[in-house]
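Understanding the architecture of this molecule
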Amino acid sequence: MTRRDARPSLLPRRRLVRATELELGDLQGNLVRGYTFPVGRYIFVRVADAAAGRRWMAGLLPSVTNAEPWDEAPDSTLNLSFTHDGLAALGVDRSLLAGFPEEFRQGMAARAELLGDVGDNAPSNWEPGLGTGDAHVLVTLYAEDHARLERARARLQESLDAAGEALSVVHEQLSESLDEGRDHFGFKDGIAQPALAGSGAEPRPGDGMLNGDGGWRALAPGEFVLGYHDEDGGLPLAPAPPFDRNSTYVVYRKMQMHPERMRSYLRDAPGDPNVLAAKLVGRWQDGTPLISSPERPDPAISNDPARVNDFRYHEDPDGLACPVGAHIRRANPRDADGFFDGKLSDRHRIIRRGRAYGPALPDGVVEDDGADRGLVFKCYQADIERQFEMIQTLWIEDGDSFGVGDDKDPLIGLHAGGGRMIVQGRPPTVLAKLPAFVTVRGGEYLIRPGMRALRWLAAPLR
Amino acid sequence: MAVETLSPLAEKPSGGNVAGRARCLTLLTPVRPFWVPFLWFVMRGARYHTYFRNHSLQFKFIYYVRWAVFRDFSESERKRYTYLLFESNFDIPWRQYIDAFAYVIPKDIRVIWGRGFAFPGPPPAEPLKRWIAMNSLEGGHYHSAYPEASVKMTMSALEARKRCNRLAKEAKGLSPAQFRKAFDAAVGDLQRHL
Amino acid sequence: MPRPRLRAAREFLAIAIQTDPNAYGNGYGLTALLPIVAGREDDLEAHLASLDPLDSPFGRVPQAHFTRLLVIRDLVYQGPPQIPESLDRSYLIYTSSFDGKPDRYLQDVARLAGDEAAAVFAHTVGFPGLADVGAFAGWIMKHKRDNGYVLTPWPFASVQDVKEGLRVQKGFGQLVEGARDMDDAELQAAFGRLMAGGR
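The rules behind the values
- Residues numbered from 1 in each chain as written.
- Chains lettered and ligands numbered in written order.
- Predicted model: local features only at pLDDT ≥ 70, side-chain atom pairs only at ≥ 80, totals over all residues.
- Helix = DSSP H or I, 4+ residues; strand = E, 2+ residues; numbered from the N terminus.
- Rg over C-alpha atoms; globule rule 2.2 N^0.38 Å.
- Domains from an automatic or database assignment.
- Axes fitted to C-alpha atoms, helices over the stretch in contact; angles between N-to-C directions.
- Parallel < 35°, antiparallel > 145°, perpendicular 65-115°, else oblique.
- Contact = placed C-beta atoms within 7 Å.
- Nonpolar A, V, L, I, M, F, W, Y, C, P; charged D, E, K, R; others polar.
- Buried ≥ 20, exposed ≤ 12 C-beta atoms within 10 Å, placed from the backbone.
- Pairing = 2+ DSSP bridges.
- pLDDT = per-residue confidence, 0-100.

Within chain C, the regular secondary structure consists of seven helices and five strands. Helices and strands appear in chain C in the N-to-C order α-β-β-α-β-β-α-α-α-β-α-α. Over its C-alpha trace chain C gives a radius of gyration of 22 Å, far above what one expects of a compact globule, namely 16 Å for 199 residues. Each of the three principal axes of chain C carries a C-alpha extent, and together these read 70 × 40 × 40 Å.

Here it is in structure tokens:
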């Protein structure tokens, strides 16, 4: 797929990117084009013996789903990623491990203070198996329905049992999409995704980056996949072969959501709860962007793939349509004030592939029913620190980039009861004493190697 | 490079160039002989126009920045080359700081440093970051008089104080109900500055 | 001309006519290079590392916005075609951005920054001590290097202006958060207390 783009003079010059097709056969699936299966399981396995771990992996390899488009959807998909401790447990030698980036080597738990994972979100409060160094291999299974999923899970269990004590499951999570792709706060989630050049997927307007000419263009693949040129024109820093090509880094983060807190807070806040909820997020519940329709949701926009994500912020510098601190405006600032037409936001995009988990809270309930529900947040990027971590530390847990000082993201920031958001307007609405609507229950940093690298990793130790 | 791995809100000090939200980057690099007079002229002339000033301050993350040019390190030590000392105090991680200059005003960077030896780019930004990491002077001690405040917070604070002083003046002789209205008007004016 | 534009024009003019290249509005950027006594670099480094950025002796000088002290042991070679060169000795680079005149600032450092500051400068060549504030100021000024350009977004705001602004901003923000729960008289009184708090 050739890249057509307008080249305004201030865009970074680069050596002409090869009109590279992504090697879909070597990439694992779900990265370039998301799976649409509604149910899935995330199984974290601990490897106690490298040789046994490799034999197990070799047995799984034929089932690993790659990125080639399929004519007929498989019953289920299977993919593998590895923490740093997992690579070590599989016998990858020290000098190769040393070539991985520092944040990956440290792991998410060790970086809790940086990420703002303190108090209720601190690793000491995380669910067992996450953040302790025991999560080595993440096996993700997706399927069309529970029956198929359980069959795939049973097959996986057989392979684990065959390895005996050498392998154990330290953490597992079932996920299941809610109706209409909504999240537990009632919002259509996952609408905005970066368009990747060479993916073969038809990008929607707004998915990519601003091309300086009023339109959009896809991002260079190296922003998300190692071994391809990125938006700076070079190759992203990568570990040694075979991880240097067709790999991506994964951030896995279990985010428990508290819709009952959201409902009671909005009920007691000044104004229409539906309007306030939209102001927190930046979209109406049906996905209509506030920028496109500030007064009310509009199905003509939300049902139209060409319009649901096609908007920009430069005409709303004061946040009157979409508050400057709203969630989607923070997570993807586009051409908001201070980001210079996207030049300072383009290199901080992430591909999100999360899924909801847990039963929906019935309408109207405002008390905690004790159920565990939320979002398994998962994102892909070529550089965890520049992409996920920067968004988390600079744009979510802080507000200064948007001119709102210490105010955190209203939806997912760690508020501890004293959070604040000013909804700009004439007059403005001040939302004070925001509680935390989300609690981090655990997470890991992983690498998702290409197929060649998986075969290398599964080869018997010499 | 031990500059920043702490979030802006970290309590404990780190290295010699982080204080709350404030970070300091100091570079000392040689200037090619033929470029020295031009550089001196460009710098001294910057006071008389708004080009450099607007370009640097448009990002709203610089507290104080300076450039000094000299060859004499002491009375008894004059170097072969003239050196450019650059010190910038800013409030975002240094990599994002360089991105801003490299992607938005690369020409300015090339004018000041471009005639240095082996100076890379920009654009692109990554080789420039490596060059800066190589040249960044580390360690030492750093202090900010208002470490909890970013540049934008400071600018907003100055604005808030002005507006509140005005409100205080108005408030004399207002009934409580009238004051509430005047207060709400001030809140509307300051909604981007709190 | 609208008032903000008029003020900006006046400020620009005030800065343009300043003849001291280190001055920028009411601000001043001091850049000094102090030779370190041979062999004392490690001690000085260690001492600087032991100082707390959030409780700095140099912060006791009320007019100082930003201050940095660092040890430079040698020059960084950039690569060909540069001819490599080294420093004969290590230097302490001492920079500070402050309000007002440098002599006044340095005398205040001598008077207020106390033993910890003396302990820093004690590693440098020719340090005259802090007891004679004039001698200290003169000694630093002898080692000053002129800046080619100094810049700040608030050339006419002092440290006190900034701190007072932050205090008012924070207090007003709290009032705004609690305004719904107060009656008009309470709000008015609370605002009055906020504005009186600066005195």
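For the rest of this paragraph, the subject is the domain arrangement of chain C. Looking at chain C, the domain boundaries give domain 1 (3-142) and domain 2 (159-196). Its C-alpha centre places domain 1 of chain C at a distance of 37 Å from the equivalent point of domain 2 of chain C.

What follows is about the packing of helix H6 (residues 151-171) of chain B against helix H7 (residues 176-189) of chain B. All names here are of chain B. At their nearest, the axes of H6 and H7 sit 10 Å apart, and the two run at 170° to each other. With respect to H7, the element H6 is oriented roughly antiparallel. Residues Arg163, Cys164, Leu167, Glu170 and Ala171 of H6 form the contact with H7, whose own contacting residues are Phe179, Ala182, Phe183, Ala186 and Asp189. Its residues assigned to classes, the contact of H6 with H7 comprises seven nonpolar, no polar and three charged.

Attention now moves to the pairing of strand S7 (residues 248-257) of chain A. Two faces, one strand: in a regular strand the side chains alternate between the faces of the sheet. Residue and element names in this part refer to chain A. With 10 of 10 residues buried, S7 lies mostly within the body of the structure. On S7, burial covers both faces: Thr248, Val250, Tyr252, Lys254 and Gln256 on one face and Tyr249, Val251, Arg253, Met255 and Met257 on the other are all buried. Relative to strand S13 (residues 438-448), S7 runs antiparallel, the two being bridged by 10 bridges. What sits directly across from tyrosine 249, in S13, is isoleucine 447. Bridge count between S7 and strand S10 (residues 374-381): eight bridges; the pairing is antiparallel. Note that in S10 the partner of methionine 255 across the bridge is leucine 375.

In spatial order, the strands read S5(B)-S3(C)-S4(C)-S2(C)-S1(C); together these five strands make up an open sheet with antiparallel pairing. The open sheet is flanked by strand S5 (141-144) of chain B together with strand S1 (23-24) of chain C, the only strands paired with a single partner. By the bridge criterion, eight bridges tie strand S3 (residues 64-72) of chain C to strand S4 (residues 91-99) of chain C in an arrangement that is antiparallel. Opposite Arg68(C), over in S4(C), you have Thr95(C) as the bridge partner. Where helix H2 (residues 41-50) of chain C meets the sheet, its contacts fall on S5 of chain B together with S3 and S4 of chain C, and the angle it forms with S3(C) comes to roughly 150°.

Right, let's talk about the domain arrangement of chain B for a bit. Structurally, chain B comprises domain 1 (18-135) and domain 2 (151-189). Taking the mean C-alpha position of each, domain 1 of chain B and domain 2 of chain B sit 39 Å from one another.

Quick look at the interface of chain C and chain B now. Chain C puts 69 residues into the contact, and the matching count from chain B is 74 residues. Of all elements in the fold, only helix H1 (3-16), strand S2 (27-35), H2, S3, S4, strand S5 (147-151), helix H6 (159-178) and helix H7 (184-196) of chain C reach the threshold of two or more residues within the side of chain C that touches chain B. In terms of residue count, the dominant contributor to the side of chain C that touches chain B is H6(C) (12 residues). Residue composition of the side of chain C that touches chain B, grouped by class: 40 nonpolar, 18 polar and 11 charged. Note that S5(B) and S3(C) share four bridges and pair antiparallel. What sits directly across from His143(B), in S3(C), is Thr67(C).

Before going further, it helps to spend a moment on the sheet that holds strand S2 (residues 22-31) of chain B. Across the sheet, five strands lie side by side as S1(B)-S2(B)-S4(B)-S3(B)-S5(C); this open sheet has antiparallel pairing. Each of the sheet's edge strands pairs with one partner strand only, and the pair in question is strand S1 (18-19) of chain B together with S5 of chain C. Sheet topology note: the strand S3 (residues 62-74) of chain B/S5(C) ladder contains four bridges and is antiparallel. Within the sheet, the bridge partner assigned to Trp67(B) lies in S5(C) and is Tyr149(C).

Let us look at the packing of H6(B) against H6(C). Viewed as axis vectors pointing N to C, H6(B) and H6(C) meet at an angle of 75°, and their least axial separation amounts to 7 Å. Compared by their axis directions, H6(B) and H6(C) come out roughly perpendicular. Two secondary-structure elements touch here, H6(B) through Thr154(B), Ser156(B), Ala157(B), Leu158(B), Ala160(B), Arg161(B) and Cys164(B) and H6(C) through Asp161(C), Val162(C), Glu164(C), Gly165(C), Leu166(C), Val168(C), Gln169(C) and Phe172(C). Taken together, the residues that form the contact of H6(B) with H6(C) break down as eight nonpolar, four polar and three charged.

Residues and elements named next belong to chain A. Mapped onto the secondary structure, alanine 436 falls in the loop between strand S12 (429-434) and S13. Here alanine 436 falls in the buried class, since 20 other C-beta atoms lie within 10 Å of it. In the structure, alanine 436 is positioned 254 residues away from arginine 182 in sequence and 20 Å away in space, judged by C-alpha atoms. Setting aside chain neighbours within four positions, we find alanine 436 in contact with Asp120, Leu414, His415 and Ala416.

This brings us to the confidence of the model for chain B. Of the residues in chain B, 92% have a pLDDT of 70 or more, and the chain-wide mean is 89. Scored below 50 in pLDDT, residues 1-14 of chain B shows 30 contacts in the model against residues more than four places distant or in partner chains.

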